[in-house]
Amino acid sequence: MRRVARALAARCASDAVNASRGACERSSGRAGEMITRIGTPARVLRAPSRALSSDARGGSEAKAPGSVFRAVSYAFVGAAGAMVGLRVSDSTLAETAEYAAYGAATPALRLLDPELAHDVGIAMLELGLGPRQRTADDASLETRAFGMTFTNPIGLAAGFDKDARAFEALLRMGFGFVEIGSVTPQPQPGNPKPRAFRLPEHGAVINRYGFNSKGHESAKGRLAAYRANASEAVGLLGVNLGKNKTTLEENAADDYVLGVDNIGEYGDYIVVNVSSPNTPGLRNLQGRKHLSGLLRKVLSARDRNPATAKKPVLVKIAPDLTDAEIKDVASVVKSEKVDGVIVSNTTIARPDAIKAHAHGGEAGGLSGKPLMEPSTRVLHEMYRLTGGKITLVGCGGVASGEDAYAKIRAGATLVQLYTAFAFGGPPLILKIKRELEECLKRDGFASVQDAVGAAHRK
Ligand SMILES: Cc1cc2nc3c(=O)[nH]c(=O)nc-3n(C[C@H](O)[C@H](O)[C@H](O)COP(=O)(O)O)c2cc1C
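Calculation notes
- Throughout, a residue's number is its position along its own chain's written sequence, starting from 1.
- In keeping with the predicted nature of the model, local features appear solely for residues at pLDDT of at least 70, side-chain atom pairs appear and are counted solely at 80 or more, and the whole-chain, interface and lining totals rest on all residues.
- Values shown for side chains rest on all heavy atoms present in the structure; no hydrogens or waters enter the calculation.
- Between buried and exposed lies partly exposed: a residue is buried under 20% and exposed over 50% of the maximum accessible area for its type, with that area taken using a 1.4 Å probe on protein chains only.
- Secondary structure is summarised from DSSP: a helix means a run of H or I of at least four residues, a strand means a run of E of at least two, and numbering begins at the N terminus for each.
- For two strands to count as paired, DSSP must find a minimum of two bridges between them.
- When we say a residue is near a molecule or strand, we mean one of its heavy atoms is within 4 Å of it.
- Pairs of N or O atoms within 3.5 Å make up the polar contacts considered here, provided that, within protein, one atom can donate a hydrogen while the other can accept it, and that residues adjacent in sequence are counted only when both atoms are side-chain atoms.
- Note on areas: Shrake-Rupley with a 1.4 Å probe; residue coverage comes only from the protein chains shown.
- Note on residue categories: nonpolar means Ala, Val, Leu, Ile, Met, Phe, Trp, Tyr, Cys or Pro, charged means Asp, Glu, Lys or Arg, and polar means any other residue, Gly included.
- Every axis in this analysis is a line fitted to C-alpha atoms, fitted for helices over the stretch in contact. Angles between the N-to-C directions lie between 0 and 180 degrees.

Engineer: Mind laying out the pairing of strand S6 (residues 204-207), listing which residues take part and the relevant values?
Structural biologist: Where burial is concerned, the two faces of S6 agree: the one with Ala204 and Ile206 and the one with Val205 and Asn207 are both buried. Here 4 bridges tie strand S5 (residues 196-199) to S6, and the two strands are oriented antiparallel to one another. From the neighbouring strand, Arg198 faces S6, where its bridge partner is Val205. Here S5 folds back onto S6, and the loop between the two strands holds 4 residues, one of which, Gly203, carries a positive phi near 55°.

Following this line, the structure appears as structure tokens:
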């Protein structure tokens with residue numbers, strides 16, 4: 001029954017997002033069918049209670065000791081059964097209702113300016129609002145990376161919760177992991193507004209935030225409080241590090257080392273972000289010489305502190321690297337023994353269709369659907385060059401279970417998204433997970449793990 005209700009939740013939720021007539025028609029039929037199935041046990045369980053009240057009203061019969069015993073037994077069994085029934089159906093129905101409500105509310109946020117909408121969303125999540133997934137993820141979605149178990153491979157990419165304010169609510173929503181940041185050592189305001197633009201027709205966003213960050217100290221307070229209550233941990237957390245704009249390129253490594261020292265211990269993994277297009281010179285750090293020196297310093301900072309010594313370090317790269325640059329990155333991450341690579345950040349490229357859009361000419365990084373193909377191409381290449389020996393996180397344009405599955409087949413053990421979540425809201429998480437489950441089943445994979453890199457085995 002839980003699975004049915006869960007499917008209903010995801011279906012309703014996805015319908016709220018899609019609002020496409022066909023989807024609605026299909027689902028209303030199924031939803032009705034599911035409600036009937038969910039409702040049936042509750043009705044059955046309520047029957048003894050009704051029997052009790054009619055017995056009690058009946059008077060004479062209730063006075064006989066045998067009847068009283070029978071009535072009390074009925075009442076007990078009925079009440080217990082009803083409570084169990086209600087608890088099960090209530091929790092899943094509450095899940096359904098919550099995701100559907102948030103799914104319906106998400107388009108309303110789009111009436112606001114993108115940055116304001118984002119701030120409102122974060123503030124709501126910080127207040128504890130936001131749906132909570134009650135049902136466990138399907139066993140096929142479980143995946144292992146860096147010696148840790150992820151209940152599902154779908155994570156929230158960096159940039160959504162830059163200052164570590166909402167990650168708990170985001171984890172409870174059903175992400176297998178959430179990456180906070182990029183956090184810079186010192187607070188900095190980022191670029192002037194407006195600096196985020198929606199291209200809804202393309203399922204895309206262009207942003208040039210430029211690492212607006214409240215800095216390490218601010219994030220540290222919240223991360224430490226979260227970790228202090230370890231039993232509350234509901235999922236895995238990544239800490240994504242950036243550099244301050246004013247830090248000279250030759251001193252960039254210092255900012256990442258500070259990141260490891262100041263907040264690295266609070267992440268289940270640490271990310272060195274050298275690929276945001278909105279900090280001048282940042283992407284130069286992906287060059288062979290820079291990258292290897294930078295990573296060496298970061299890794300030795302990690303190793304010398306017992307609180308961070310076991311934390312996996314990942315590097316996040318751009319989708320705009322040339323073949324030669326991709327080769328260089330692969331060779332550096334192998335030689336420096338970096339634990340993983342996130343492929344990729346946003347792109348500075350503008351496909352023709354995007355160029356024609358009113359916002360297509362805005363400076364910044366393009367994310368969302370147009371990024372799916374180029375970022376998956378780089379991911380595929382990175383898997384090939386690293387021989388599948390380094391954990392890869394596929395990011396860029398994921399908007400469906402099929403997209404996530406394509407990343408996994410190309411070599412990703414974990415997948416992240418941002419833009420599609422900003423458009424679709426919480427129901428999208430359940431939808432992607434359900435679709436991914438279906439993709440795995442369809443192609444005969446027992447688990448995510450079995451499908452990693454499958455595209456290379458043909
Ligand atoms: C508004 C916005 C802000 C972002 N900020 C960051 C950031 O601070 N650090 C980072 O590593 N990536 C950042 N990203 C990039 C995302 O983490 C992700 O790599 C990229 O958007 C591709 O995924 P998507 O197509 O699913 O959005 C940002 C993306 C967007 C749209």
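Moving on from the coordinates now.
Engineer: A description of the site of the ligand should follow, citing residues and the corresponding values.
Structural biologist: Every one of the 23 residues lining the ligand counts as a neighbour, but Ala158, Ser182, Lys316, Gly397 and Thr419 are closest to it. One nitrogen or oxygen atom from the side chain of Ser182 is found 2.8 Å from a nitrogen atom belonging to the ligand. Contact distances for the ligand include 3.0 Å between an oxygen atom and a side-chain N or O atom of Asn273. Relative to its unbound accessible area of 600 Å², the ligand is 97% covered by the protein chains. Elements that contribute at least two residues to the shell around the ligand include exactly strand S4 (177-183) and strand S11 (365-368). Each residue belonging to the shell around the ligand can be placed in one class, and the counts come to 7 nonpolar, 14 polar and 2 charged.

Engineer: An account of the sheet that holds S5 is needed here, citing residue identities and associated values.
Structural biologist: Sheet architecture is open: 3 strands sit in the order S5-S6-S11, paired in antiparallel fashion. The strands lining the two open edges of the sheet, one partner per strand, are S5 and S11. Strand-to-strand twist across the sheet, computed as the mean angle between neighbouring axes with direction ignored, equals 20°.

Engineer: Residues and numbers for unusual backbone geometry, please.
Structural biologist: For the peptide bond that leads from Gly181 to Ser182, omega is 10°, which places it in the cis range. In this fold, Ser182 is placed in strand S4. For the peptide bond that leads from Lys193 to Pro194, omega is 0°, which places it in the cis range. Positionally, Pro194 belongs in the loop between S4 and S5. One non-glycine residue, Ala164, lies in positive phi territory at about 55°. One non-glycine residue with positive phi stands out, namely Lys337, at about 60°. With respect to the helices and strands, the residue Lys337 is situated in the loop between helix H10 (323-335) and strand S10 (340-343).

Engineer: Account for the environment of Gly361, naming residues and giving values.
Structural biologist: Structurally, the position occupied by Gly361 is in the loop between helix H11 (352-355) and S11. A relative accessible area of 73% means that Gly361 is categorised as exposed. When the C-alpha atoms of Gly361 and Arg350 are compared, they prove to be 8.2 Å apart, with 11 residues separating the residues in sequence.

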